[in-house]
Amino acid sequence: MSIRVVVADDQELVRSGFSMILEAQQDIEVVAEAGDGAEAVAAVVRHTPDVVLLDIRMPGMDGLEAARRVCAQSSCKVVMLTTFDLDEYVYEALYAGASGFLLKDVRRDDLVHAVRVVAAGDSLLAPTVTRRLVADIVRTRRAKAAVEPTPQRLEVLTGREEETLRLLARGLSNAEIATTLFVSEHTVKTHVSNVLSKLGLRDRVQAVICAYETGLVTPGAS
């Protein structure tokens, strides 16, 4: 089956360019385009895509608000697009529930790869970048709210599932986790799926955030 995608950007040339690149792939279908956040949310409701590409800066409803609504209302994966490589946008995108973050000058192959990776349920940010950003987010949140870790949330996990979450949060790929735990990649995928399901998480990015918030992994830990 094809990966169904909605492309949302207020610049028609950018929007059509991304759509043409994705449509050229045999396994990807662009089911709709949108010029603002409201149109993007409506398109997701109407077409139930697997992935939506959302420009952060759009008139009316911006991409971040659209991402919040899409993530709250559907299982569609969100990839944020921006011209600016600024951490605060990454923070807000992660808070909104996004699974990926791309600059608009992304290479053709990287754009296609991003859609495939996110559609498969993985996070798009490089593991080391994700780990750094999430550690900063959790550190800031705890400092502001004086929130203590809540390890009780992890009691629903088996020992092996908890260890999988710990390794995932430290930036290891499925193959690396499999090597560390002396199991197959298929087994790791099962563990990751169980972790997401039991903890009510959308994807690996949220799993990393959860690992830090519960104190399973602490900022600065290797």
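Use the structure listed above.
I will try to describe carefully the structure that is included in this document. (Residues numbered from 1 in each chain as written. Predicted model: local features only at pLDDT ≥ 70, side-chain atom pairs only at ≥ 80, totals over all residues. Heavy atoms only, no water.)

1. Looking at the pairing of strand S3 (residues 51–55)
Of all 5 residues in S3, 5 are buried, a share of seventy percent or more. Along S3, one buried face is formed by Val51, Leu53 and Asp55 and the opposite face, lined by Val52 and Leu54, is buried too. Of the pairings in the sheet, the one linking strand S1 (residues 3–8) to S3 comprises 4 bridges and is parallel in character. In the sheet register, Val6 faces S3, and the bridge partner there is Val52. Relative to strand S4 (residues 77–82), S3 runs parallel, the two being bridged by 5 bridges. Along S4, the bridge assignment pairs Leu54 with Met80. Note that the unit made of S3, helix H3 (residues 63–73) and S4 has a crossover that is right-handed. (Buried < 20%, exposed > 50% of the residue type's maximum accessible area, 1.4 Å probe, protein only. Helix = DSSP H or I, 4+ residues; strand = E, 2+ residues; numbered from the N terminus. Pairing = 2+ DSSP bridges. Right-handed = clockwise from strand over helix to strand, strands pointing away.)

2. Points about helix H9 (residues 185–199)
With 15 residues, H9 should cover 21 Å at 1.5 Å per step; its first-to-last C-alpha distance of 21 Å lies within 8% of that length. Taken together, the buried positions of H9 are Val188, His191, Val192, Val195, Leu196 and Leu199. Each buried residue of H9 sits inside an arc of 130° when the element is viewed along its axis, so together they form one side. Facing away from the buried side of H9, by more than 90 degrees, are the exposed residues His186 and Ser197. Buried-residue contacts for H9 involve helix H7 (159–169), helix H8 (174–181) and helix H10 (204–213). One or two positions beyond H9, positive phi appears at Gly200, with a value near 65°. (Expected span 1.5 Å × (residues − 1). Arc of directions from axis to C-beta. Contact = heavy atoms within 4.5 Å.)

3. Some remarks on helix H1 (residues 12–23)
Compared with an ideal rise of 1.5 Å per residue, which puts 12 residues at 16 Å, H1 spans 16 Å between its outermost C-alpha atoms and is within 8% of the ideal. All buried positions along H1 are accounted for by Val14, Arg15, Phe18, Ser19, Ile21 and Leu22. For H1, the arc enclosing every buried residue in end-on projection is 160°, short of the 170-degree limit, so these residues lie on one face. Of the exposed residues in H1, the ones pointing more than 90 degrees away from its buried face are Glu12, Leu13 and Met20. Those residues of H1 hidden inside the fold are in contact with S1, strand S2 (28–34), S3, S4 and helix H5 (108–119).

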